[in-house]
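Okay, here's what each chain looks like letter by letter:
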Amino acid sequence: MVNQSDRTPWYEGPALLELLETVEVTHDQNLSDLRLPVQYVNRPNLDFRGYCGTLAAGILRPGQKVKALPSGKVSTVERIVTFDGDLEVAYPGQAITVTLEDELDISRGDWLVEAEAEVPLSNVFEADIVWMHDTAMETDRLYDFKLATRDLAGQITAIDYQVDINTLEHRKADHLDLNAIGRCRVELTELVPLDDYRKSPGTGSFIVIDRLTNVTVGAGMIHQLLETEVPYEYRDHDSKAEVVWNRSSVTPAMRAQIKGHTGKCIWFTGLSGSGKSSLANALEVELNRRGYHTMLLDGDNIRHGLCKDLGMSEADRTENIRRVGEIAKLFADAGIIVITAFISPFRADRDNARKLFKEGDFIEVHVDTPLDICEQRDPKGLYQKAREGKIKDFTGINSPYEVPRNAEVKVSTAELSLSELVTHLVKYI
Ligand SMILES: Nc1ncnc2c1ncn2[C@@H]1O[C@H](COP(=O)(O)OS(=O)(=O)O)[C@@H](OP(=O)(O)O)[C@H]1O
Ligand SMILES: Nc1ncnc2c1ncn2[C@@H]1O[C@H](COP(=O)(O)OP(=O)(O)O)[C@@H](O)[C@H]1O
């Protein structure tokens, strides 16, 4: 501890105390990447709007161009205000209030960074988490995460491995007990700016909070950001009206937490008479029996109301499926397992519906019944009418059906009974 020992001749470095007293710590501070997480917006009167926070990284001066995240809006620092007067320069660790030349809409949790900085927005990352509570960490449970000054909900979706703190070996784990450390995957419910801990400890670390007790149950360091699908609200929209996305405070994950399962879309597609409605109905009965929250959208029924203005032309079918996709997405966001039964004959339309959902939440089921069997069944007498020329654009007769290329499930109603198919589908879901 205090002196070098001749019992450790293989160790040539300084004694522990000497090392602690002389170790260079300034390189732990990141002076190049400006990070000011806003803790509080100070508006004592209409003439003053200051953004208060502790500078987590970088150096800040009046006159410097800065960008607010996640909005990306740019302005220039006017003053750096402190209790002891204005500063000409601020360094990491200093608590400051910044005023900007422009009125930007910045709130608690947002960051100020350099105007030119490319800071990725993400909601999925890998982190080293130390668990600090008697109740073990559970994957797929909703926790609150406090990252810098921002609080938001999220889940620990997987534990890549747990670290044995004696041997540093990695081992498989499905939960973390008190004091355990693990490399975990975290998925937040919002897209936010994130940093690698090694780049900026102040903005690359977080704590995990139990949402019911408000107790801090874990702490973590971000190791790397992972590829994330751009959430729905951040994608390009082609609305004809001048609209922006309004975020609701209750997120799909919060709704799912109460329902006990996440929302999904089971999308049946197939020829008329293939068995979509029968299967979708039987599946809903079984899911309902098992206590799942479901909703069935059926082609014939939706065409009585929401889509009663649409016919069977290609353009009308595309619009029909677009509307159904959007509704299915709303139901899924509400935490409901939505089952749709539409011919949905065009691949591009089905793929557009799929794009509204997270990977794994859209399950396409091709009800693969051959045309001749559908025609023999002809439950509504529509094939006969189509053959007699009384219905034009009838799918399979004089309007195309594009067979799915990569449906998650293909069912053959000619070979298996309804109940066998339902068992198969429930297992898959
Ligand atoms: N021309 C033509 N082609 C196909 N089907 C027709 C047609 N005219 C009416 N019907 C009846 O409408 C039901 C199909 O509606 P969908 O909304 O599922 O069609 S689509 O997905 O927009 O193509 C379909 O229901 P299902 O038999 O349950 O598939 C038919 O009952
Ligand atoms: N294994 C099966 N799965 C689903 N339907 C079947 C099966 N075997 C026979 N059928 C019959 O096929 C017809 C399918 O009609 P329907 O469910 O309305 O199809 P769609 O909604 O695709 O038009 C029903 O009369 C149903 O009883």
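Reading the values: the criteria
Residues numbered from 1 in each chain as written. Chains lettered and ligands numbered in written order. Predicted model: local features only at pLDDT ≥ 70, side-chain atom pairs only at ≥ 80, totals over all residues. Heavy atoms only, no water. Pairing = 2+ DSSP bridges. Helix = DSSP H or I, 4+ residues; strand = E, 2+ residues; numbered from the N terminus. Axes fitted to C-alpha atoms, helices over the stretch in contact; angles between N-to-C directions. Contact = heavy atoms within 4.5 Å. UniProt positions renumbered as here; feature names shortened; annotations may be inferred. Near = heavy atom within 4 Å. Polar contact = N/O pair within 3.5 Å; in protein donor to acceptor, adjacent residues only side chain to side chain. Areas by Shrake-Rupley, 256 points an atom, 1.4 Å probe, with all protein chains shown as cover. Nonpolar A, V, L, I, M, F, W, Y, C, P; charged D, E, K, R; others polar.

Peer 1: Help me understand the sheet that holds strand β21 (residues 409–411), please; the structure alone is not making it clear to me.
Peer 2: Hydrogen bonds between backbone atoms are what pair the strands of a sheet, whose relative direction is either parallel or antiparallel. Pairing is parallel across the open sheet formed by 5 strands, whose spatial order is β18-β19-β17-β20-β21. Looking at strand neighbours, the two that pair on one side only are β18 (294–298) and β21, the edges of this open sheet. Neighbouring strand axes in the sheet, compared pairwise and without regard to direction, differ in orientation by 20° on average. Bridge count between strand β17 (residues 264–269) and strand β20 (residues 362–367): 5 bridges; the pairing is parallel. Along β20, the bridge assignment pairs Ile 266 with Ile 363. Running over the sheet, helix α4 (residues 276–289) touches β17, β18, β19 (337–341), β20 and β21 and is turned about 165° from β19. Across the sheet, helix α10 (residues 418–428) lies against β17, β20 and β21, angled at about 175° from β21, the strand it touches most.

Peer 1: Hey, could you run me through the pairing of strand β14 (residues 181–193) in this one?
Peer 2: Within a regular beta strand, the side chains point alternately toward one face of the sheet and then the other, so they alternate between its two faces. By the bridge criterion, 9 bridges tie strand β8 (residues 121–131) to β14 in an arrangement that is antiparallel. Across the sheet, the residue bridging to Phe 125 is Val 186, located in β14. Pairing of strand β11 (residues 150–163) with β14 involves 8 bridges; the strand directions are antiparallel. Of the residues in β14, the one forming a bridge with Ala 158 is Arg 185.

Peer 1: Honestly, the UniProt feature "domain: APS kinase" (unreviewed entry) in the protein in this entry has me stumped. Any pointers?
Peer 2: Residues given the UniProt feature "domain: APS kinase" (unreviewed entry) here are residues 263–411. For residues 263–411, the helix share is 40%, the strand share is 17%, and the end-to-end C-alpha distance is 23 Å.

Peer 1: Is there a simple way to explain the site of ligand 1 in this structure?
Peer 2: Around ligand 1, a shell composed of 22 residues is seen, among which Ser 272, Arg 303, Arg 317, Asn 320 and Asp 393 lie nearest. Taking Ser 344, its main chain carries an N or O atom lying 2.8 Å from an oxygen atom of ligand 1. The contact in question runs from a nitrogen atom of ligand 1 to an N or O atom on the backbone of Thr 395, over 3.4 Å. Surface burial for ligand 1 is 91%, taken as the share of its 630 Å² of free accessible area covered by protein chains.

Peer 1: For this particular structure, what's the right way to read the site of ligand 2?
Peer 2: The full set close to ligand 2 counts 15 residues, and Gly 273, Lys 276, Ser 277, Ser 278 and Leu 416 are the nearest of them. Contacts to ligand 2 include Ser 277, whose side-chain N or O atom sits 2.6 Å from an oxygen atom. At 2.4 Å, a side-chain N or O of Ser 278 approaches an oxygen atom of ligand 2. Mapped by element, the contributors of at least two residues to the shell around ligand 2 are α4 and α10. If you tally residues by element for the shell around ligand 2, the top one is α4, at 3 residues. By residue class, the composition of the shell around ligand 2 is 5 nonpolar, 8 polar and 2 charged.

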